[in-house]
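Here is what each chain is made of, one letter per residue.
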Amino acid sequence: MNFEEMVQQEKKEYDLLFSKKDAVFIGSATCGNSAGALIAKETIESELEKAGHDAEIIDVGCIGLCYAEPIIMVLKPQKPALIYGNVTKKVAKEIAKSHIIHDVPLPEYAMGSWGEGQIEGITPLFEQKSMKMQERRILRNCGFIDPTNIGHYLAQGGYSGFIMAMSMDSSEIIEVMKKAGVRGRGGAGFPTWMKWQFCIDSNQKTNYLVCNADEGDPGAFMNRSLLESDPHSVLEGILIAAKTIGAEKAYIYCRAEYPLALERLKIAIAQMKERGFLGENIQGSGFNLEIIIKEGAGAFVCGEETALLASIEGERGTPRTRPPFPTTEGLFGKPTVINNVETMASVALIMQKGAEKYSDVGTENSKGTKTFSLVGQVKNTGLIEVPLGTTLKEVIFDIGGGIIGDGEFKAVQIGGPSGGCIPAQHIDTPIDYESLLGAGAMMGSGGLVVMDQSTCMVEVARYFLEFIQRESCGKCVPCRLGTKQMLDVLTDITTVKGTEKDLVLLSDLAMAIKKGSLCGLGQSSPNPILTTTRFFRNEYEAHIKDGVCPAMNCKDFIKYAIDSEICDGCMVCLKSCPVRAISGAKDEIHIIDTDKCVKCGTCLDLCKRKKNAVKVINAQ
Amino acid sequence: MQDLNKILSNYKGEKSDLIPLLQDIQSEYGYLSEELMEEVSKFTGAPESEIFGVATFYTQFRFNPKGKKHVAVCTGTACHVTGAQQIIEGMERHLDIKEGETTPDGEYSLESVGCLGCCALAPAAMVDDEIKSKLSIRSVKKLFRDYNPKKSANKI
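Since this is a predicted model, take the numbers as computed values, not measurements. (Residues numbered from 1 in each chain as written. Chains lettered and ligands numbered in written order. Predicted model: local features only at pLDDT ≥ 70, side-chain atom pairs only at ≥ 80, totals over all residues.)

### Section: the packing of helix α18 (residues 457-471) of chain A against helix α19 (residues 477-493) of chain A
All names here are of chain A.
Phase 1: Look at α18 against α19: their axes get within 9 Å of each other, and the N-to-C directions meet at 150°. As far as their axial angle goes, α19 and α18 are roughly antiparallel. In the packing of α18 onto α19, the handedness of the crossing is left-handed. Along the contact surface, α18 presents Val458, Ala461, Arg462, Leu465, Glu466, Ile468 and Gln469, while α19 presents Thr483, Lys484, Met486, Leu487, Leu490, Thr491 and Ile493.
Phase 2: Taken together, the residues that form the contact of α18 with α19 break down as eight nonpolar, three polar and three charged. (Axes fitted to C-alpha atoms, helices over the stretch in contact; angles between N-to-C directions. Helix = DSSP H or I, 4+ residues; strand = E, 2+ residues; numbered from the N terminus. Parallel < 35°, antiparallel > 145°, perpendicular 65-115°, else oblique. Left-handed = near helix turned anticlockwise from the far one by under 90°. Contact = placed C-beta atoms within 7 Å. Nonpolar A, V, L, I, M, F, W, Y, C, P; charged D, E, K, R; others polar.)

So, in structure tokens, the structure goes:
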């Protein structure tokens, strides 16, 4: 069977899902599974079996609405599909009985419809504000195909990009990438075409391609979602890139904390082999490729390209001096291109749809779309994709729905620990490479952590430094010792030991570490301090001069107390206190012993639902 | 050693095999003991110091046995701002151990890990291979409902 015939057959099979009998798509990526997707699936299966109702039940990936997991989609022939959210066991039972078996949709649980036609009382999902503002291109298949079925990917135009690339030579493919303007999505934003060209220019017999799936930035899970929901979109990009640079071996370095992504990658690779997209003489092109998966072992620094290469080579993950750059001397000493997961998916998309289509959104220097994980104190947490140039305000408020509990926005951390935080006064900053650098942050891999007024920015800086210091590989002195020093100073400030000299010291340290560190981890390690002192200096001064944590967060600055005018002596907090710090009797005012209190937040949380009598006050 | 030989037979002993080899061994035995490291050294021809140098660099590798149930709490940014520290402290209190330790009866071990990628449903933790999300102090209580460290301590 040739490629065209294969695609036609798969299209037919996929379309049958919508035309012949009922189908139920269960969102089964990590978020969905952890929220209870399996229970929802088993409940539906059980109800359908009892009723003798036939339906195709398929595990799909993540549609990106993580805040509403578990999510399922009910598809009935010739009708628009309905997407349900927060599908608990009870809700799953009702959906099975009412909608699936008796064709009576349940708008009260629906998030939106999908496909042709309209269901009364339900807005199509992609016409709703939060989805309308997005441009889901990289994520086009996520939530709509079975990631363990290569046929579904083929039916959506999958691998047509590689077939196109087969008939082109390297310089032609590079021209396409240049025209598209695609920049590396791992964080640095280096022009992809240029990296590939440098590798080819090294003029060696053996080149390697490495796909960086380490995604170490805390708060970022875009790559995880893509690998779990549409692994072939990444694998096709790897095929195209490897073919262009003449690599016969490609490595995927994926973090071990992503077991489901690893599992789905392995299945996808096996299916590629079965269908002749991997191995020798792929699809008769004369091109050979072997893909090897390497699991990370828990080192954040191995997301840095030269440390990653060291790890693949079986060594401690310490970075190397550059030059020589990996495109000259990389893996095992050979010219190597290291590209991020989303860059690979972008490459496949460009070859499938064309450079012009890719670059019809974005800004002058930042073309195309970018996926982001929108997390933290925002209502609609999840995975989004927007054209570059969209503002932070639009993302946080229009797509994200604003702050949880209608609280007040304080800052958004972008670019992971190496990035920076952007405060309210700069919320109109467009998300593109240059604008973010101008604001003192960076694009990074795409994690957006939203913070509200309950977040202490000094503590955030301390947290990031703790992370960076722990992950420092130890090779170079400025980073190894400098990060420890910065952390110690920040720890002092957050534990009532800060002095005025500390701010000067931090500034001096920051400059030295930036200049002297060997790799990006060290060079960007002062960024949490630089951005928070730039925009939230008043918080530092409050800690140091006034002995106050304005956000009422840092433990040594606060204490918990019960308001005697509100407390009704219900004993709920008393019984739940893990260190028995609360005394009192039924119907009598309770008192917290501040010497015993560990400020775990249990009583605060419990009383919020009752009288809201527990207060956080200044320790002084 | 039979299981070990089975694992070793999948590899040629090249340097670039070292990390996957150690991962397979830890998967099978639960941790990397000194004896196992000696065998890896013999197999690869690399000195033990080099093997330990690589193994100790990566936080995934354990040198002490883990508990029957292993709990790894995520300390990523999203989890941090939604209360991961409180969760860890709550678990430490409940299990009566500190992070990085195993209960004396070998039932539970606790560690904090880098980002699990479940950020939209923070705070999250991995219990063996299962991810638990949207944790709270109360869900911590539920997680260890049937376990009482003092009772177990009396049995030892």
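### Describing the domain arrangement of chain B
Phase 1: When cut into domains, chain B gives domain 1 (2-55) and domain 2 (69-146 + 148-152).
Phase 2: Inter-centroid distance (C-alpha atoms) of domain 1 of chain B to domain 2 of chain B is 29 Å. (Domains from an automatic or database assignment.)

### Observations regarding the sheet that holds strand β1 (residues 69-74) of chain B
Residue and element names in this part refer to chain B.
Phase 1: The strand order β2-β1-β3-β4 describes an open sheet built from four strands, whose pairing is mixed. For this open sheet the edge positions go to β2 (108-113) and β4 (130-132), each flanked by a neighbour on one side alone. If you compare each strand with its neighbour and ignore which way they point, the axes differ by 25° on average.
Phase 2: Both strand β3 (residues 125-127) and β4 contribute to a ladder of three bridges, which runs antiparallel. Pairing of valine 127 across the sheet is with glutamate 130, part of β4.
Phase 3: Across the sheet, helix α6 (residues 84-95) touches β1 and β2, and the angle it forms with β1 is around 155°. (Pairing = 2+ DSSP bridges.)

### Some thoughts on the interface of chain B and chain A
Phase 1: With 39 residues of chain B at the contact, the number on the chain A side is 48 residues.
Phase 2: Every element with two or more residues in the side of chain B that touches chain A is listed here: α2 (18-29), α4 (48-55), α5 (77-81), α6 and β4 of chain B.
Phase 3: Residues belonging to the side of chain B that touches chain A are distributed by class as follows: 20 nonpolar, 13 polar and six charged.

### Remarks on unusual backbone geometry
Phase 1: Note the cis peptide between Arg322(A) and Pro323(A), where omega equals 0°.
Phase 2: Considering the arrangement of structural elements, one finds Pro323(A) in the loop between α13 (305-312) and β9 (336-340).
Phase 3: That bond from Ala122(B) to Pro123(B) is cis: its omega, -5°, falls within 30 degrees of zero.
Phase 4: With respect to the helices, strands and loops of the structure, Pro123(B) is situated in the loop between β2 and β3.
Phase 5: A positive phi angle, close to 35°, is found at Glu215(A), a residue other than glycine.
Phase 6: Structurally, Glu215(A) can be placed in the loop between β6 (207-213) and α10 (222-229).
Phase 7: A count of 31 C-beta atoms within 10 Å places Glu215(A) in the buried class. (Buried ≥ 20, exposed ≤ 12 C-beta atoms within 10 Å, placed from the backbone.)

### Re the environment of Ile350(A)
All names here are of chain A.
Phase 1: Relative to the helices and strands, isoleucine 350 is located in helix α14 (residues 341-353).
Phase 2: C-alpha separation for the pair isoleucine 350 and alanine 461, spaced 111 residues apart in sequence, amounts to 39 Å.
Phase 3: Look past the residues within four positions of isoleucine 350 in its chain and what remains in contact with it is Val176, Met177, Ala180, Val182, Ala355 and Tyr358.

### Digging into the domain arrangement of chain A
Phase 1: Assigned domains within chain A: domain 1 (17-127), domain 2 (158-357), domain 3 (369-452), domain 4 (457-546) and domain 5 (558-618).
Phase 2: For domain 3 of chain A and domain 5 of chain A, the distance between their C-alpha centres works out to 36 Å.

### Considering helix α12 (residues 259-274) of chain A
It helps to recall that an α-helix has 3.6 residues per turn; residues three or four apart then point in one direction.
Residue and element names in this part refer to chain A.
Phase 1: Counted at 1.5 Å a residue, the expected span for α12 with its 16 residues is 22 Å, and the 23 Å between its end C-alpha atoms agrees.
Phase 2: Within α12, burial applies to Ala261, Leu262, Arg264, Leu265, Ala268, Ile269 and Met272. Buried positions in α12, seen along its axis, are confined to an arc of 165° and lie on one side of it. Relative to its buried face, α12 has exposed residues pointing more than 90 degrees away, namely Lys266, Ala270 and Glu274.
Phase 3: Buried positions along α12 lie against α6 (150-155), α10, α11 (231-245), β7 (247-254) and β8 (290-295). (Expected span 1.5 Å × (residues − 1). Arc of directions from axis to C-beta.)

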